[in-house]
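Summary of the model geometry
For reference, the chains in residue letters:
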Number of protein chains: 2
Amino acid sequence: MTVVTANNRAYRVPAHAVVVITVDGGDPSYFYDGLERGIMPRLQRMLDEGGVFSVGASEVPSLTNPNNISIVTGVPPAIHGIPGNYCRTPEDGLVLLNDAKYLRAPSIHARFEEAGVPTLMVTTKDKLRQLLGNGGVPSVSVERAAGAGIPEYGIESVEELVGEPAPGVYDPLASHYAMRIGLSALRAAPQIRLLYVSLTDRVQHAHAPGEDVSDLFFTEFDALLGEYLDAGCTMAVTADHGMNAKHDENGEPRVHYLKDVLEAAGIPVEGVVLPITDPYVKHHGALGSFAWLHLSAEHREPARRVLSALPGVEEIWDREQAATVYELPRDRIGDLAVTASADTALGSAAADHDLTQLHGPLRSHGGRHEQPVPLILSGSVDGPLADPFEAGILRSRDIHDLVLNHVGA
Amino acid sequence: MTVVTANNRAYRVPAHAVVVITVDGGDPSYFYDGLERGIMPRLQRMLDEGGVFSVGASEVPSLTNPNNISIVTGVPPAIHGIPGNYCRTPEDGLVLLNDAKYLRAPSIHARFEEAGVPTLMVTTKDKLRQLLGNGGVPSVSVERAAGAGIPEYGIESVEELVGEPAPGVYDPLASHYAMRIGLSALRAAPQIRLLYVSLTDRVQHAHAPGEDVSDLFFTEFDALLGEYLDAGCTMAVTADHGMNAKHDENGEPRVHYLKDVLEAAGIPVEGVVLPITDPYVKHHGALGSFAWLHLSAEHREPARRVLSALPGVEEIWDREQAATVYELPRDRIGDLAVTASADTALGSAAADHDLTQLHGPLRSHGGRHEQPVPLILSGSVDGPLADPFEAGILRSRDIHDLVLNHVGA
Ligand SMILES: [Zn+2]
Ligand SMILES: [Zn+2]
């Protein structure tokens, strides 16, 4: 049996296609609800026939980029270098972490490619494709599907391959197009052994479990999951982070604007960095439940005291402790790290957030309360990971170890 | 090279004595302060001569029993079964978790013994010895040293071995007597390959870094560390948890009494379980920064709302999420888990806590803010754990893996 090592973990090279799907914002509650109401019959059948469903922990801040990179590298942000969608770096100042130059660890897929094992990355948003395609991994996004091919597999046109034009990245079915690209690519290039498909959380940011659009999303997801299973793939499904409503009974966002709060208390703030920030702010107005504060040394304790008195502010850590507790790279985080409760978001200055762009009452993520994510496999877990899987204590970054090394055939 | 496996991790059997010392309540701040002021010359020399100092994360709740067991088993409470010093179990109701029958995983030491490799456990308090001695591991405590021997090594009298009578368990130097027992036992039984010495946190509960009694504790600790190094031992030092002041400027404990708070809000409480509770409550009056609440289902959301409005209350989790986020056994925790900030403690009903027993202003632990602990080794770390060690993201439960498998000779 061939084994490939990435970041000090060994992964078996499978003899057939293994597929990991990350449902962006795929909070466990969507799956519990969908299974209970019977709108996910293929997932239900998979579980009835030996598949398994548990939960695990994603990285905090519970955001798209850190978690997608943790999932494909098998290591935490302290090692792979991506602690947010956005951060302040010593070298470049404030940056969107979409550039592969910020990566400090290779993906499992890059190591497979080096070993001559065919892989493919499919994303919905192109920003993520740039990170995931690092290390010579064939990659394609829904956002840039028009006119694109996958030359590594002799595919000239992605849209022809799928048989229909790609939807816009804000279409509720954009994620499903990513799943279709993966499925079509596997049919056209059966030599692919490891496929990663990353969806987008536009629907989850706007719709709670049980709403019509959510049901459409998960019904379609389920049908496509069924197609992968019918094609003989071994399947793993997880999420990059959960999702919670962060508004009051009237639908108004429940937000603390930290820069405003601190300045009103006479504390000067160098910067409030909201690591949820991305080029697609319409989803969430850059409001999530995690913030980094950059403050000069003498203002940190006073800031801590002011912020800890705010209802809904949970953890406050200094840089060193945050690095240890959240497993983050010390040089890319703030002097203080602040998290909020499930129903509370953190902003910078009220004037900087354009909430008119929100599609409805604020739903978002970023904090501890969006850390639990589903871990779903098409076969049972055997060996040393069986007990921790059952106990719900594995990490989403263990999903490739699970599906490549520990799932019964 | 012989290797012994415990809980799915392989450990090399060393050719000479390897010693792990857990400084109970040994917050990193004591070590930073002691090194800075030059009161720990042997530790300083060890670091100058190739030893390494980093931090890592202990288990939450950050308490003595869960963490000592994690350190000696290499797995989290979800696997070893001990989520607190005290908890409510389905089988026996409220219990002190001092009985080995509650253990669900063997220690590394028990596996070494099975493989014929000589080991020894030395504790200060006898409650911990009962847990650590599980699986036929030779064990001795300072508390019961009078009249005791270590028959496995032909030692008839521990007090004769050490050459002086054992101090009381509340003596500031009780911990050092544990270190002396280990040192004397290694001299009398040089076949011992793995020694674990667990101290007590009486001093840390009463004295901040830099106070005279703390200085006495760490000066003596340092001298004994030097004796171990002179004896040729490979050394590892960690802590079971940190320690923080939880009182206001006037020295009054800063406490929320959760049962009182909830009942005043009209919410009936089945039980508030404070997992710091132990037979030695004088240290902390059973007040730490972690609580489990047992509540009927309809009262959980109202309780969450009431508690989250309290200043200093940080995380609130339901049972399933707490199990995932803290890696705890679901069946031995509460319906809600509540943590408090570094400077705040959680109690049950004010009438149940006898604060007249406290030895001074409240210093305690149990929450997230006592999660960071030191990881100190007498040699440098090589191989796959080098980067995570340096990044400060390993767990204290990795210390035996570090010292047995990854420390340069
Ligand atoms: Zn996301
Ligand atoms: Zn302790």
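Quick notes on the rules
Residues numbered from 1 in each chain as written. Chains lettered and ligands numbered in written order. Predicted model: local features only at pLDDT ≥ 70, side-chain atom pairs only at ≥ 80, totals over all residues. Heavy atoms only, no water. Donors = N, O, S within 2.8 Å, 3.2 Å for Na, K, Ca; no water. Tetrahedral: all angles 85-135°; square planar, octahedral: opposite > 155°, others 65-115°. Helix = DSSP H or I, 4+ residues; strand = E, 2+ residues; numbered from the N terminus. Buried < 20%, exposed > 50% of the residue type's maximum accessible area, 1.4 Å probe, protein only. Phe/Tyr/Trp six-rings, centres within 6.5 Å; stacked < 30°, edge-to-face > 60°. Contact = heavy atoms within 4.5 Å. Buried area = accessible area lost by both parts, 1.4 Å probe. Salt bridge = Lys/Arg side-chain N within 4 Å of Asp/Glu carboxyl O. Polar contact = N/O pair within 3.5 Å; in protein donor to acceptor, adjacent residues only side chain to side chain. Domains from an automatic or database assignment. Pairing = 2+ DSSP bridges. Expected span 1.5 Å × (residues − 1). Axes fitted to C-alpha atoms, helices over the stretch in contact; angles between N-to-C directions. Parallel < 35°, antiparallel > 145°, perpendicular 65-115°, else oblique. Nonpolar A, V, L, I, M, F, W, Y, C, P; charged D, E, K, R; others polar. 1 Å grid on protein atoms, 1.4 Å probe; cavity = no way out; pocket = protein on both sides within 12 Å on 5 of 7 lines; lining within 4 Å. Points joined across faces, edges and corners; volume = space filled by probe spheres on them.

Some points on the coordination of the zinc ion (ligand 2)
Residue and element names in this part refer to chain B. The coordination sphere of the zinc ion (ligand 2) contains the protein donors Asp24 (OD), Thr64 (OG1), Asp240 (OD) and His241 (NE2), at a distance range of 2.0 to 2.2 Å. Note that the zinc ion (ligand 2) binds 4 donor atoms; their angles at the metal cover 93 to 129 degrees, and the shape is tetrahedral. Read in sequence order, the donor residues for the zinc ion (ligand 2) give the motif D-x39-T-x175-D-H. Here Asp24, found in the loop between strand 3 (18-23) and helix 1 (28-36), pairs with His241, found in the loop between strand 10 (234-239) and strand 11 (244-245); they are 217 residues apart in sequence, far enough to count as distant. For the pair shown, Asp24 and His241 are each scored as buried.

Side note on the coordination of the zinc ion (ligand 1)
Residues and elements named next belong to chain A. Within the protein, the zinc ion (ligand 1) binds to Asp24 (OD), Thr64 (OG1), Asp240 (OD) and His241 (NE2); these donor distances fall in the range 2.0 to 2.2 Å. One way to put it: the 4 donor atoms around the zinc ion (ligand 1) meet at angles of 93 to 130 degrees, and that makes the site tetrahedral. One chain supplies every donor to the zinc ion (ligand 1), and in sequence these donors are spaced D-x39-T-x175-D-H. Taken as a pair, Thr64 in helix 3 (residues 64-73) and His241 in the loop between strand 10 (234-239) and strand 11 (244-245) lie far apart in primary sequence, 177 residues in all. By relative accessible area, which is 7% here, Thr64 ends up buried. His241 sits in the buried class, given a relative accessible area of 0%.

A word on the packing of aromatic side chains
Taken as a whole, this structure holds 18 aromatic pairs over all chains when the rule is applied. Judged by centre distance (5.4 Å) and plane angle (75 degrees), the rings of Phe31 of chain B and Phe218 of chain B are edge-to-face. Here Phe218 of chain B lies in helix 10 (residues 212-230) and Phe31 of chain B lies in helix 1, a separation of 187 residues in the sequence. Per residue, the accessibility class of Phe31 of chain B equals that of Phe218 of chain B, and both read buried. Members of the aromatic cluster, each reached through a chain of ring pairs, are Tyr30, Phe31, Tyr32, Phe53, Phe217, Phe218 and Phe221 of chain A.

With respect to the interface of chain B and chain A
The interface of chain B with chain A comprises 32 residues on the first partner and 33 residues on the second. A combined buried area of about 2500 Å² lies between chain B and chain A, and 59% of that area is made up of carbon and sulfur atoms. It is Thr324, His369 and Ile393 of chain B that lose the most area in chain B upon contact with chain A, and together they represent 22% of the buried surface on that side. Run the count over chain B and chain A and you get 0 salt bridges. For the pair chain B and chain A, the number of links is 4 residue pairs in polar contact (both at pLDDT 80 or more). Listing elements by their share of the side of chain B that touches chain A, those giving two or more residues are strand 4 (52-57), helix 4 (77-80), strand 15 (313-318), helix 13 (319-326) and helix 14 (386-391) of chain B.

Points about the domain arrangement of chain A
When the parts of a complex come together, some accessible area is lost, and that lost area is often taken as the interface size. All names here are of chain A. For chain A, the assigned domains are domain 1 (3-243 + 367-406) and domain 2 (255-364). For domain 1 versus domain 2, the separation of C-alpha centres amounts to 28 Å. In this complex, domain 1 contributes 45 residues to the contact, which on the side of domain 2 involves 33 residues. Summed over both sides, the interface of domain 1 with domain 2 buries roughly 3300 Å², with 55% coming from carbon and sulfur. For the pair domain 1 and domain 2, the number of links is 7 salt bridges. Glu327 is paired through a salt bridge with Arg395; the nearest N and O atoms lie 3.6 Å apart. One can count 17 residue pairs in polar contact (both at pLDDT 80 or more) joining domain 1 with domain 2.

Considering the pairing of strand 16 (residues 336-340) of chain B
Residues and elements named next belong to chain B. A large share of strand 16 lies buried, amounting to 5 of its 5 residues. Burial along strand 16 is two-sided: the face carrying Leu336, Val338 and Ala340 and the face carrying Ala337 and Thr339 are both buried. The sheet contact formed by strand 14 (residues 290-294) and strand 16 spans 4 bridges and is antiparallel. Among the inter-strand pairings, Phe290 is bridged to a residue of strand 16, identified as Thr339. Here strand 15 runs beside strand 16; their pairing, made up of 4 bridges, is antiparallel. The residue of strand 16 that forms the bridge with Val313 is Ala340.

A word on helix 8 (residues 174-188) of chain B
Residue and element names in this part refer to chain B. Its 15 residues give helix 8 an end-to-end C-alpha distance of 21 Å, which sits within 8% of 21 Å, the value for a rise of 1.5 Å per residue. Counting buried positions along helix 8 gives 12 out of 15 residues, so the element sits mostly inside the fold. What helix 8 keeps buried is the set Ala174, Ser175, His176, Tyr177, Ala178, Met179, Ile181, Gly182, Leu183, Ser184, Ala185 and Leu186. Buried positions along helix 8 lie against strand 3, strand 7 (119-123), strand 8 (139-141), helix 7 (158-162), strand 9 (194-198) and helix 10.

Side note on the sheet that holds strand 7 (residues 119-123) of chain A
Residues and elements named next belong to chain A. Pairing is mixed in the open sheet, where 7 strands are placed in the order 4-19-10-3-9-7-8. What marks the edges here is a single partner per strand, and that holds for strand 4 (52-57) and strand 8 (139-141). Direction aside, the axes of adjacent strands within the sheet are offset by 15 degrees on average. Where strand 3 (residues 18-23) meets strand 9 (residues 194-198), 5 bridges bridge the pair, whose relative direction is parallel. Pairing of Ile21 across the sheet is with Val197, part of strand 9. Sitting on the sheet, helix 2 (residues 41-48) touches strand 4 and strand 19 (372-377), and the angle it makes with strand 19 is about 65 degrees.

Brief notes about the packing of helix 8 of chain B against helix 10 of chain B
Residue and element names in this part refer to chain B. Packing of helix 8 against helix 10 brings their axes to within 10 Å, and their N-to-C directions diverge by 10 degrees. Taken together, the axes of helix 8 and helix 10 lie roughly parallel to each other. Counted together, Ser175, His176, Met179, Arg180, Gly182, Leu183, Leu186 and Arg187 of helix 8 and Phe217, Glu220, Phe221, Leu224, Leu225, Glu227 and Tyr228 of helix 10 form the full contact between these two elements. When the residues that make up the contact of helix 8 with helix 10 are grouped by side-chain class, the tally is 8 nonpolar, 3 polar and 4 charged.

Points about the pattern of salt bridges
If you walk through the whole model with that rule in mind, you get 58 salt bridges over all chains. Between Asp92 of chain B and Lys101 of chain B there is a salt bridge, and its shortest N-O distance comes to 3.2 Å. Residue class for Asp92 of chain B comes out partly exposed when judged on its relative accessible area of 34%. When its relative accessible area of 54% is taken as the criterion, Lys101 of chain B is described as exposed. Among the charged side chains, a salt-bridge network with shared partners connects Glu59, Glu327, Arg395 and Arg397 of chain A.

Brief notes about empty space enclosed by the protein
Under the counting rule described, the total for this entry stands at 11 cavities of 30 Å³ or more. The calculated volume of the largest cavity comes to roughly 220 Å³. Val325 and Arg395 of chain A together with Val325, Arg368 and Arg395 of chain B are, among the 22 residues lining the largest cavity, the residues nearest its centre. At the level of secondary structure, the elements contributing two or more residues to the lining of the largest cavity comprise helix 13 (319-326) of chain A together with helix 13 of chain B. As a volume, the second largest cavity reaches approximately 80 Å³.

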